[in-house]
Amino acid sequence: MPNAQLVYEQLLTAFKEIALLQSCQTILGWDQRTYMPAKGVGLRSRQMALLAGMLHAKITAPDIGSRLNTLKASDLASGANPESAANIRELAYSYDKLVKLPREWVEEFTRIKAMAQTVWVEARKTNDFALFLPHLKTIIDFKRQYADMIGYDDDPYDALLDDFEPGATYKEIGQVFAAFRDELVALAAQIAASTVRPDGSILTRDYPVEVQEKFGKEAAAAIGFDFDGGRLDQTTHPFCSTLGPGDVRITTRFYPRFFPAAFFGIIHESGHGIYNQGLPEEHYGTPLGSSVSLGIHESQSRMWENMVGRSRTAWRHFFPRAKAYFPQALTGVSEDDFYFAINEVKPSLIRVEADEVTYNLHIILRFELEHALAVGQLKAEEVPAAWNEKFRALLGISPSTDTEGCLQDIHWSGGMIGYFPTYALGNLYAAQLFAQAGSEIPGLEAGFSEGNFAPLRQWLTEKIYRLGKRYRAAELVKVVTGKPLSHEPLIRYLRGKFGRLYRL
Ligand code: ZN
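**Concerning the pattern of salt bridges**
Note on pairing: side chains with opposite charge can pair once their charged atoms come close. Scanning all chains against the criterion turns up 27 salt bridges. Among the salt bridges present, the one from Glu368 reaches Arg181, with a minimum N-O distance of 2.8 Å. Of this pair, Glu368 sits in helix H14 (residues 359-374) while Arg181 is found in helix H8 (residues 170-193), placing the two residues 187 residues apart along the sequence. Its relative accessible area of 22% is what places Glu368 among the partly exposed residues. Assessed through its relative accessible area of 23%, Arg181 is described here as partly exposed. With a closest N to O distance of 2.8 Å, Arg231 and Asp233 form a salt bridge. The class for Arg231 is partly exposed, based on a relative accessible area of 36%. Taking the relative accessible area as the measure of exposure, Asp233 reaches 4% and is therefore buried. Linked through salt bridges whose partners overlap, the residues forming this network are Arg312, Arg316, Glu335 and Asp336.

Encoded structure:
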């Protein structure tokens with residue numbers, strides 16, 4: 001029997017090296033989406049393919065499998081050693097999944113996804129669902145094969161969901177969403193019937209881009225994004241890239257006559273960035289140095305963006321700053337009017353432009369449709385009609401083109417079926433965690449009005465960031481809040497905030 005401690009250290013060394021190689025992939029990807037000249041794409045694809053091949057070989061090397069087998073049977077995987085047990089659990093989990101997939105299948109699916117994405121861009125541009133349909137069919141077939149190869153207990157969709165929210169199931173999420181859905185529809189209807197309305201034109205005045213950038217960076221730094229270990233750049237589809245300790249990069253896009261997009265985009269990506277900057281450096285490259293799941297990640301971006309960034313108290317601090325930065329646009333505008341404008345609720349067709357209330361309905365729609373596709377209850381050709389019908393039922397409006405409907409998102413064309421629920425889970429986790437923070441930190445929200453955001457960041461660092469992947473998402477929520485995930489904290493938060501704004 002080999003010495004388990006030694007084997008464990010060898011395994012971690014291998015994964016730390018894998019993480020370094022991955023960080024090279026990340027920097028190349030970041031560069032491609034920010035500064036790379038158009039003609040660089042050929043060379044970049046070859047660089048990326050080379051790294052992907054090297055990574056695959058390293059991760060699936062036979063000695064990784066044999067080391068994991070040794071460790072699974074050792075004391076280091078037992079409850080007496082929670083840290084090493086978490087590392088072994090998570091490494092074995094992803095390894096076992098990866099080796100179930102034949103290499104030819106992975107290569108074929110990669111090719112299919114690349115083709116589908118190119119066709120999707122064209123189909124969206126020309127509002128031509130029929131063009132995309134054969135590709136969508138193939139993707140669904142491949143995802144169903146994937147579920148069969150990976151295996152599942154109840155529902156094939158669980159195997160897909162698991163890639164983005166490990167351990168989550170259709171049944172559990174479906175129950176939370178079902179309860180949540182009716183409450184949201186009722187709240188959105190009440191808001192629509194209210195006679196008070198914000199003046200949205202406040203936000204579409206002249207907001208010079210250089211000034212937006214300055215103000216956005218100031219706000220990001222105020223909530224705790226560390227610019228000595230990060231930077232902000234411009235892109236078309238904003239994202240946050242984490243190379244590793246000391247290098248976390250956020251991106252945004254600016255509109256000279258629309259204030260919220262860049263500002264709240266920066267706060268959102270800073271939320272992702274703050275999480276990554278708070279991960280324990282000593283565990284870099286291992287599960288204990290990694291984030292829990294997409295849902296927990298999104299809970300951080302959403303909490304900073306909405307629960308903090310769009311809060312009444314934070315704008316007591318930020319509004320005088322905004323007035324100094326944009327004296328022309330904000331002349332004669334009151335703090336209350338501005339606060340209402342940035343919190344307008346209105347059913348809209350495009351998910352990424354949706355407000356805090358209706359956003360979740362956009363997600364529930366996609367969750368229900370993609371589940372039906374994955375289990376074979378819905379055919380790909382039926383998607384546009386099913387989309388429009390569900391949209392009307394949930395949001396009271398319906399798109400007149402597929403470009404504004406079922407073709408708007410990139411996810412399905414990239415094979416990401418099971419991804420959407422993590423957005424709504426993010427909102428649910430955020431509300432439950434934020435309510436808990438409020439009950440443990442005295443004067444939490446009053447602090448925001450003085451620009452004091454550090455207590456929240458410290459609390460999150462201690463309760464979530466420092467733990468890496470020690471717990472799965474559902475367990476983490478229970479450990480931190482003492483209760484399983486529920487839709488109630490989010491509904492309470494939304495009813496409170498929008499009930500006051502719309503005088504319900
Ligand atoms: Zn996000």
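**Some words on the coordination of the zinc ion**
Bound to the zinc ion are the protein donor atoms His268 (NE2), His272 (NE2) and Glu298 (OE), situated 2.1 to 2.3 Å from the metal. Written as a sequence motif, the donor residues of the zinc ion are H-x3-H-x25-E. You can see His268 sitting in helix H10 (residues 259-277) and its partner Glu298 sitting in helix H11 (residues 294-308), a full 30 residues away along the chain. Since its relative accessible area comes to 11%, His268 is described here as buried.

**Describing the layout of surface pockets**
The calculated volume of the second largest pocket comes to roughly 400 Å³. Around the second largest pocket, the lining is made up of 20 residues, and of these Glu445, Tyr493, Gly496, Lys497 and Arg500 lie nearest the centre. The set of elements that each furnish at least two residues to the lining of the second largest pocket consists of H11, helix H12 (312-325), helix H16 (421-440), helix H17 (444-448) and helix H20 (488-501). The biggest single contributor to the lining of the second largest pocket is H20, with seven residues. Among the residues making up the lining of the second largest pocket, the classes are represented as nine nonpolar, five polar and six charged.

**Overview of the domain arrangement of the protein**
Domain boundaries assigned for the protein yield domain 1 (4-126) and domain 2 (194-358 + 415-502). Look at where the C-alpha atoms of domain 1 and domain 2 centre, and you get two points 29 Å apart. Facing 22 residues of domain 1, the contacting portion of domain 2 comprises 23 residues. At the boundary of domain 1 with domain 2, the tally comes to one salt bridge. Put simply, the parts of the chain that give the side of domain 1 that touches domain 2 at least two residues each are helix H1 (4-34), helix H4 (82-98) and helix H5 (103-126). Counting residues per element, the side of domain 1 that touches domain 2 draws most heavily on H1, at eleven residues. In terms of residue class, the side of domain 1 that touches domain 2 is made up of twelve nonpolar, four polar and six charged.

Parameters at a glance
Sequence order as written defines residue numbering, which begins from 1 separately in each chain. Given that this is a predicted model, residues contribute local features only at a pLDDT of at least 70 and side-chain atom pairs are listed and counted only at 80 or more, while totals for whole chains, interfaces and linings are drawn from all residues. Hydrogens and waters are ignored; side-chain quantities use all the structure's heavy atoms. What makes a salt bridge here is a side-chain nitrogen of Lys or Arg within 4 Å of a carboxyl oxygen of Asp or Glu, nothing more. Helix and strand assignments come from DSSP, with helices taken as H or I runs of at least 4 residues and strands as E runs of at least 2, each series counted from the N terminus. To sort residues, take the accessible area from a 1.4 Å probe on protein chains only and compare it with the maximum for the residue type: under 20% means buried, over 50% means exposed, and anything in between is partly exposed. For Na, K and Ca the donor cut-off is 3.2 Å; for every other metal, N, O and S atoms count as donors within 2.8 Å. Water does not enter the count, which can leave sites looking incomplete. A cavity, in this analysis, means grid points on a 1 Å lattice covering only the protein atoms where a 1.4 Å probe fits yet has no way out; a pocket is instead an open set bounded by protein on both sides within 12 Å along at least five of seven lines, and a residue lines either one if it has an atom within 4 Å of a point. Grid points are joined across faces, edges and corners, and a volume is the space filled by probe spheres set on the points. Three classes are used, and their members are as follows: Ala, Val, Leu, Ile, Met, Phe, Trp, Tyr, Cys and Pro are nonpolar, Asp, Glu, Lys and Arg are charged, and the others, Gly among them, are polar. Domain start and stop points were drawn from an automatic or database domain assignment. Any two residues having at least one pair of non-hydrogen atoms within 4.5 Å are treated as being in contact.

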